[in-house]
Amino acid sequence: MRPKNFLTTIALTLVLCIPRPASPAESLQKIRIGFPSLAFSYMPFYAAQEKGLLKKAGLEAEYIQMRTGIQPQAVINGNINFFPSVSTALSAAVSGLPLVVVLNLYNGTPWILVTNKEINKPQDLIGKKLAISGILTSPHYFMLAGLRKWEIPEKDVAFISTGGTASSFAALASNQVAGAVLSPPFDDKAVSLGFKKFMFLGDLVDIPYVGLITSLAEVKNNRDRVQKTIAAIMDGVSWLRANRSESAKMIADKFRVTAGEAERTHETMVSMFSKDGRLNLKVARGYMEVLRQERPVPQDIDPQKFLDFSMLPAGR
């Protein structure tokens, strides 16, 4: 072999042996998150996706629509990695599913009963249909608390399970029900259609709202991925806080509401954001009492065993 050809062969061999840098798409870790429907409470997730915060954290996220009730088992089965309902997670964890809450996004809940104009007093609800996201979901528990406050037996109203807040709004707007338990911006949107805000329910009982839930196996086997997801969602919260006008526009476009309705929704959302991403233990323990109304829950059970905030970003 001639010297020139020999050197060329060596050069080509060396080039082929050099490891090829992974492309950005190849380096992203894939995650799947389940959501029941479009809701303003998931805005940190939407912002994290649409503003590239998840990709910046090295994640490629797929958002999957599925009913809240099947999300816990879907996480355990590995169909999804995360879901957002803290109350659903704690309820499932008490029943024995190996789930853990790793992030709490809100302090407080915004649920409100919106009705048609024929409902003027609580007793007018008797014999009527009321839309909720699902049985044993937060809207259901809050509505039950309202009925107890008004001393109306649960059997005297008919609950219609819609699968999500957007669907509850649709049921109300189409006059399939006399009332619906809604959150912003659907409450204001309903008012613009001639319905009325009958009563705020969010302060009647201690029920946690929205955060990030995964399985114990995910934390054990993919702790880095869980940490990245938490950080990206919290970056979404920071973006929503810092970009009021753009956030309101995102809300208006996504929920097809007016600029004023979007502004009010943004204001409500920001006022409820958790400062540190942790769930108040008083709320968690209060929720145990809510669960005891429907099934046996040991008095000595400590909800703290279902919480793991050790992966929250430092300094937050």
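Remember, predicted model here, so these are calculated numbers, not experimental data.

## A few points about empty space enclosed by the protein
Alright, step 1. In this structure the tally under the stated criterion is one cavity of 30 Å³ or more.
Alright, step 2. Taken together, 20 residues form the lining of the largest cavity, with P36, Y42, T68, W111 and S133 sitting closest to its centre.
Alright, step 3. Elements represented by at least two residues in the lining of the largest cavity include exactly α6 (86-94) and α7 (138-149).
Alright, step 4. In terms of residue class, the lining of the largest cavity is built from seven nonpolar, 13 polar and no charged.

## Here we look at helix α14 (residues 281-292)
Alright, step 1. Counted at 1.5 Å a residue, the expected span for α14 with its 12 residues is 16 Å, and the 17 Å between its end C-alpha atoms agrees.
Alright, step 2. Looking only at α14, the buried set comprises V283, A284, G286, Y287, M288, V290, L291 and R292.
Alright, step 3. Residues of α14 that are buried make contact with α6 and α7.
Alright, step 4. Regarding α14, its N-cap is N280, as a side-chain oxygen of that residue lies 2.7 Å from the backbone nitrogen of K282 further along.

## Notes on the confidence of the model for the protein chain
Alright, step 1. For the protein chain, per-residue confidence averages 90 on the pLDDT scale, and residues scoring 70 or more make up 91% of the total.
Alright, step 2. Taken together, the stretch residues 1-23 has pLDDT below 50 and engages in three contacts with residues farther than four places along the chain or on a different chain.

## Considerations on the sheet that holds strand β9 (residues 196-200)
Alright, step 1. Spatial strand order, β7-β6-β8-β5-β9: five strands in an open sheet with mixed pairing. Edge positions in the open sheet fall to β7 (158-161) and β9, since each of these has one partner strand only. Within this sheet the neighbouring strands show an average axis-to-axis angle of 30°, counted without direction.
Alright, step 2. Two strands pair when backbone bridges link them, and strand β6 (residues 129-132) and strand β8 (residues 179-182) are joined in this way by two bridges, in the parallel orientation. Within β8, the position partnered with A131 by the bridge is A180.
Alright, step 3. Sitting on the sheet, α7 is in contact with β5 (112-115), β6, β7, β8 and β9, with an inclination near 165° to β7.
Alright, step 4. Seen against the sheet, helix α8 (residues 165-173) touches β5, β6 and β8 and runs at an angle of roughly 155° to β8.

## Let's talk about the layout of surface pockets
Alright, step 1. Counted as a void, the largest pocket has a volume near 290 Å³.
Alright, step 2. Counting residues per element, the lining of the largest pocket draws most heavily on α6, which supplies three residues.
Alright, step 3. Class assignment for the residues of the lining of the largest pocket results in five nonpolar, 10 polar and two charged.
Alright, step 4. For the second largest pocket, the calculated volume is near 150 Å³.
Alright, step 5. As for the second largest pocket, its lining consists of 15 residues, of which N107, G108, T109, I207 and V283 are closest to the centre.
Alright, step 6. Considered class by class, the residues forming the lining of the second largest pocket number eight nonpolar, six polar and one charged.

What counts and what doesn't
- Residues numbered from 1 in each chain as written.
- Predicted model: local features only at pLDDT ≥ 70, side-chain atom pairs only at ≥ 80, totals over all residues.
- Heavy atoms only, no water.
- 1 Å grid on protein atoms, 1.4 Å probe; cavity = no way out; pocket = protein on both sides within 12 Å on 5 of 7 lines; lining within 4 Å.
- Points joined across faces, edges and corners; volume = space filled by probe spheres on them.
- Helix = DSSP H or I, 4+ residues; strand = E, 2+ residues; numbered from the N terminus.
- Nonpolar A, V, L, I, M, F, W, Y, C, P; charged D, E, K, R; others polar.
- Expected span 1.5 Å × (residues − 1).
- Buried < 20%, exposed > 50% of the residue type's maximum accessible area, 1.4 Å probe, protein only.
- Contact = heavy atoms within 4.5 Å.
- Polar contact = N/O pair within 3.5 Å; in protein donor to acceptor, adjacent residues only side chain to side chain.
- pLDDT = per-residue confidence, 0-100.
- Pairing = 2+ DSSP bridges.
- Axes fitted to C-alpha atoms, helices over the stretch in contact; angles between N-to-C directions.

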